[in-house]
Every structure is written in C-alpha cells, then in structure tokens.
Amino acid sequence: MAAGLTLLSLSLSLIFSSALAAAPYCLPGDSCFPSAKELSSFNTTVGGRLVKSVPYGAVCYAGATYDAEKCATLVANFVTDEFRLEISDALMYTNWEVTEDGTGCPVPQDITLTPVNGTCSYGNLASYIVEVASTQDIVNSVKFVAKHNLRFRIKNTGHDYAGRSSGAGSFTIRTHHLQGTSFIPAFVPDGCKATPEPALMAEAGVSVHGLYAAADGFNRTTIGGIGRTVGALGGYILGGGTGIFSHRNGLGVDNVLQFEVVTADGKLRTVNRCQNSDLFWALRGGGGTFGVTTRAWLKSHPPLKATNAVTGTLVSNSTETWDSVVRTFVDQLPALFEKGITGEWIASYPYLVCAPYNPQFMLTHALLQGHHFPATFRAGRDARFSRRLPLYFRHAYLHPGSDQRSQR
Ligand SMILES: Cc1cc2nc3c(=O)[nH]c(=O)nc-3n(C[C@H](O)[C@H](O)[C@H](O)COP(=O)(O)OP(=O)(O)OC[C@H]3O[C@@H](n4cnc5c(N)ncnc54)[C@H](O)[C@@H]3O)c2cc1C
C-alpha cells in the first residue's frame, strides 16, 4: 500500500467497458498504470492529497462498505447541490456516474431499499482524485498524468451537463478547495501597457455565489450565472458564461483580463491579450480542453445603487395560449433589453416563469446594492393577457445610480 494514500480494502468491482479497454490510456489494472511505489512517490509531491477513490454510494451497499448512518444521510440529501458539492467523486447529474452499459454504484432514493444487495462498481466515477490545494499541486499532477499517460479529468463542481468532469478509470484533479479571492484596485495584465482598472482575482474552485459574495465584500459587482453552486472559474467562464447582466457587462469571457493556466506540458503560463494571446482567445469559450485554469483576473464593475424587480409566473390553460405568450414575450425581449430590463425566464408548459431575482440568492450578493423592491405580478390562469407584459416589466428597469422604487 502506498504510504499516506487513502486506500480502503473493498471488494469493489473494477469493470471497464470494452470500448474503454481499447482506449489509449493507462487505466487502473493495466500493466502500464503507475505502481504503488510510483503513486506513493507522487503523493508526497502533492502533500498527501492523492486519494484512491471509493464510489460514494458504497455506503449503501451490503458488505464491508455498508454504513447505515452515512447511507441515510446520503439518501436524505441526495438531490441537494450543496451536499453533493462536498462529495469528492459525486457528479450533480447521476446519469453521468454510470457507464454506457449501466455499471456503477447508484444510490436508491428510498432508504427502505438499502442496503443494496448488488454490485457497487466505479462506473464512470474517478478512480483516483487529487484534492489539489495549490497551483503547484496542479503542476505536479499534470506532469504525472502526462508521464504515465493517464485518463485525466478536471473536476470543479461536477455540474457539467455533458459529464466531462468525470470518466471511467480517470485520474482526476478536484479544484474545489481553491477558494482564494482578492481585489486589485489598479490591475494591468502582465506584460501589457494598459490603463489600470479595478479587478477581482479568483481561484479555480470559487463558485458563482462565492464570486458574488467576494465582490460584495469589495463593494464591486461582477459577472456570474444563476446557479449558486456552479463554478465561476471552471466550465462557466471557459464555456462563455451568461448572466442576468450580460447585456450590460458582457459575457463571462468578455470580463476576463488574465488567466493563469497549467498546460499539458506542466508549464504554468500567464495568459492575456499580450502574452499567449492565442491561448487567451481559445480559453474564452473553448472549454477546459487547453489547460487547467488555476486563477483568473476579472473586470469588476461599480455597484448598482438601486434596482426594481418583478417576479412571477404566467400559467396558460392551453398549449395555444402558452405558445402565444412565449412568442409574444420573446418578440419583446430586444426592446426590453434596450430599456435596461434584464432577468431570467423559463418557459415550460404551462408556465412562463419570470424571475429576474431569486431573493434568497440575490439579496446577499454584489449584483444588488442599496434597495431592493421586488414586485410580484399575479399568476394568470389564462395567458392571453400576455399583451400586457410590458406593463409588468416597466418595474424591472435597472436604474444605476438612482433610488427608483417599484410603483406596485
Ligand atoms: C443549476 C445550473 C445553473 C446554471 N446557470 C448558468 C448560467 O446562469 N449561465 C451560464 O453560462 N451557465 C450556467 N450553467 C451551466 C454551467 O456554466 C456549466 O454546467 C459549467 O460547465 C459548470 O462548470 P463547473 O466548473 O461548475 O462544473 P464541472 O462539471 O466541474 O466542470 C465543467 C467542465 O469544465 C472543466 N473545468 C472545470 N474547472 C476547470 C479548470 N479549472 N480548468 C479547466 N477546465 C475546467 C471540466 O473538466 C468540465 O469539462 C448552469 C448550470 C447549472 C447546473
């Protein structure tokens, strides 16, 4: 057993699909996979933070891994993002935790079905996880992965809709512990000649909510999405990043002044418009393909002094009226944006939900400063009155610098 390595003695199945068996990686069990001695030696370079993963669902399976208390907690909190976020190997969407041929360690959502008398296998979950705590841990991990040709994954929150933050037999780095933030009043990207501007620095594991909270603490506003637990510096910003103030402040990628990235050769690179500019272009929308982002410096904006908000749900009584209200609403969006109205909306029959602000989320973070006066419009049983939408949305104007109160 590798010194300092968390290895549990379990009868977990190591089953990889035939397609994966032909993959060009060294997977656990392959003769080319690093030996226990090599793993142990690597572990010392990352401060003992290499973990031989155990499928988190194993606590609900009959046998040596069964733990009634832990299983009950797991089942009770199974759909809570904040709870899942703290589980090293869990993904937010459990369909990505099993392989195409159905192997994995699924957790029943009914406690009476536990302990499960079945096989718990890794499925699509990581085999090894490095709980990185520094940029140097990432550099060392990338070098180790490249040297041994391992199946590498970067996991931040596990929110990815396409399941890209996990993989069968993968050697994963988890960025969740990198939570540093700071405010730089006069930032100039390294190597650039530019007018200094206020910037926020955030490390790779900072969540959308964490970024808002940090900006709030510095009395600034910043970009971000709507999901609290989504990572602000991972898939969100690397994939583009939309937010309710995008039409005002741009997409997430428009707000990046500089990245710090570890590329596949294990080199730590400063990436901005003045150096490694091709990589800067690629990272702003190209996803996690080009390297591991360790930190980013983001534009920060002055706080809004006041906003008005409207939230509400229109309920249609037929697919025809729902279709009509959604069409009318979408047709009006450009004009609404022109007036400074912004927000989130969801159209799912029979509903059109307009929720510019999720009060639980928004009240405490940096999007809002000063007063907040939510006004709620009535849910309609018949959405044909959708022609009146502009009336309702009059109250959702943004008035930076003013103290505009809702008139409802
Ligand atoms: C509830 C919810 C609300 C959302 N709201 C919005 C929204 O308002 N606006 C919006 O634009 N998107 C939104 N999204 C989409 C979200 O931005 C993507 O799902 C994103 O990929 C999640 O990134 P993550 O880092 O949290 O997740 P992860 O699953 O951990 O990572 C996603 C991808 O990014 C890679 N990655 C993560 N960290 C790094 C890193 N440091 N370096 C390189 N690659 C990395 C991973 O390998 C993976 O490929 C939402 C998603 C959810 C589930």
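Computed from a prediction, not measured in an experiment: that's the story for all the values here.

## Describing the overall build of the protein
And step 1. For the protein, the count of helices and strands is 12 helices and 13 strands.
And step 2. In the protein, which comprises 408 residues, the proportion classed as buried is 40%.
And step 3. Of the contacts made within the protein by residues no fewer than 6 positions apart, 72% connect residues no fewer than 24 positions apart.

## Here we look at the site of the ligand
And step 1. Close to the ligand lie 29 residues, the nearest being G225, G227, G234, G235 and G288.
And step 2. Breaking the shell around the ligand down by element, the ones donating at least two residues are strand 3 (152-155), helix 7 (235-238) and strand 9 (292-299).
And step 3. Within the shell around the ligand, the residues separate by chemical class into eight nonpolar, 18 polar and three charged.
And step 4. When we break the shell around the ligand down by domain, the ones giving at least three residues each are domain 1 (18-174) and domain 2 (181-299).

## Some thoughts on the sheet that holds strand 5 (residues 181-187)
And step 1. Across the sheet, five strands lie side by side as 5-6-9-7-8; this open sheet has antiparallel pairing. For this open sheet the edge positions go to strand 5 and strand 8 (268-271), each flanked by a neighbour on one side alone. Strand after strand, the sheet turns through a mean of 20° between neighbouring axes, direction not considered.
And step 2. The sheet contact formed by strand 7 (residues 256-262) and strand 8 spans four bridges and is antiparallel. Residue pairing for strand 8: V262 is matched across the bridge by L268.
And step 3. The strands touched by helix 5 (residues 135-148) within the sheet are strand 7, strand 8 and strand 9, with strand 9 carrying the most contacts at an inclination of about 140°.

## Remarks on the nonpolar core
And step 1. A202, L211, A232, A296 and L298 are the most contacted members of the largest nonpolar core, which has 52 residues in total.
And step 2. Lining this core are residues from two domains, each supplying at least three of them: domain 1 (18-174) and domain 2 (181-299).
And step 3. Apart from residues lying up to four places away in sequence, A202 is in contact with T181, L211, A214, A232, L233, R295, A296 and L298.
And step 4. Of all hydrophobic cores here, the second largest spans 10 residues; its members include C60, L74, V107 and C120.

## Some thoughts on the pairing of strand 11 (residues 345-348)
And step 1. As defined by bridge partners, strand 11 adjoins strand 12 (residues 351-354) across four bridges and the pair is classed as antiparallel. In the sheet register, A347 faces strand 12, and the bridge partner there is L352.
And step 2. Counting the residues that bridge the hairpin from strand 11 to strand 12 gives two residues.

## Structural notes on the confidence of the model for the protein
And step 1. When pLDDT is averaged across the protein, the result is 82; 79% of the residues are at 70 or more.
And step 2. Segment residues 1-11: pLDDT under 50, and 25 contacts once partners within four positions in sequence are set aside and those in other chains are kept.
And step 3. Long-range and interchain partners of residues 356-408, a stretch whose pLDDT sits below 50, account for 124 contacts in this model, where long-range means more than four residues apart.

## Some remarks on helix 5
And step 1. The first and last C-alpha atoms of helix 5 sit 20 Å apart over 14 residues, in line with the 20 Å expected at 1.5 Å per residue.
And step 2. When we look at burial in helix 5, the residues that qualify are D137, I138, N140, S141, V142, F144 and V145.
And step 3. In this structure, the buried side of helix 5 is in contact with helix 2 (36-45), strand 2 (128-130), strand 3, strand 4 (171-174), strand 7 and strand 9.
And step 4. Looking at the residues trailing helix 5, positive phi occurs at N149, about 55°.

## Considering the pairing of strand 6 (residues 197-203)
And step 1. For strand 6, a buried count of five out of seven residues is recorded, marking the element as mostly surrounded by other parts of the structure.
And step 2. Across five bridges, the pairing between strand 5 and strand 6 is antiparallel. The partner of S182 across the bridge, within strand 6, is M201.

## Notes on the environment of Y212
And step 1. Structurally, Y212 can be placed in helix 6 (residues 208-217).
And step 2. Looking at Y212, the number of C-beta atoms within 10 Å reads 25, which means it is buried.
And step 3. A C-alpha to C-alpha distance of 7.4 Å links Y212 and G224, two positions 12 residues apart in sequence.

## As for unusual backbone geometry
And step 1. The omega torsion of the bond from T114 to P115 falls at -5°, within 30 degrees of zero and hence cis.
And step 2. Among the secondary structure elements, P115 is positioned in the loop between helix 4 (81-85) and strand 2.
And step 3. Between Y349 and the following residue, P350, the backbone shows a cis peptide bond with an omega angle of 5°.
And step 4. Position of P350 among the secondary structure elements: in the loop between strand 11 and strand 12.
And step 5. Despite not being glycine, N149 has its phi angle at roughly 55°, a positive value.
And step 6. Along the chain, N149 turns up in the loop between helix 5 and strand 3.
And step 7. Given 14 C-beta atoms within 10 Å, N149 falls into the partly exposed group.

## Examining the sheet that holds strand 4
And step 1. Read from one edge to the other, the open sheet built from four strands follows the order 1-2-4-3, with strand pairing classed as mixed. Where the open sheet ends on each side, the last strands, each with one partner, are strand 1 (50-52) and strand 3. Sheet twist, expressed as the mean angle between neighbouring strand axes with direction ignored, is 25°.
And step 2. Pairing of strand 3 with strand 4, which is carried by four bridges, proceeds in the parallel orientation. Bridge pairing links F152 to F171 in strand 4.
And step 3. Against the sheet, helix 5 engages strand 2, strand 3 and strand 4, with an angle of about 170° to strand 4.

About the cut-offs
Residues numbered from 1 in each chain as written. Predicted model: local features only at pLDDT ≥ 70, side-chain atom pairs only at ≥ 80, totals over all residues. Helix = DSSP H or I, 4+ residues; strand = E, 2+ residues; numbered from the N terminus. Buried ≥ 20, exposed ≤ 12 C-beta atoms within 10 Å, placed from the backbone. Contact = placed C-beta atoms within 7 Å. Near = placed C-beta within 6 Å. Nonpolar A, V, L, I, M, F, W, Y, C, P; charged D, E, K, R; others polar. Domains from an automatic or database assignment. Pairing = 2+ DSSP bridges. Axes fitted to C-alpha atoms, helices over the stretch in contact; angles between N-to-C directions. Core = buried A, V, L, I, M, F, W, Y, C linked by C-beta atoms within 7 Å. pLDDT = per-residue confidence, 0-100. Expected span 1.5 Å × (residues − 1).

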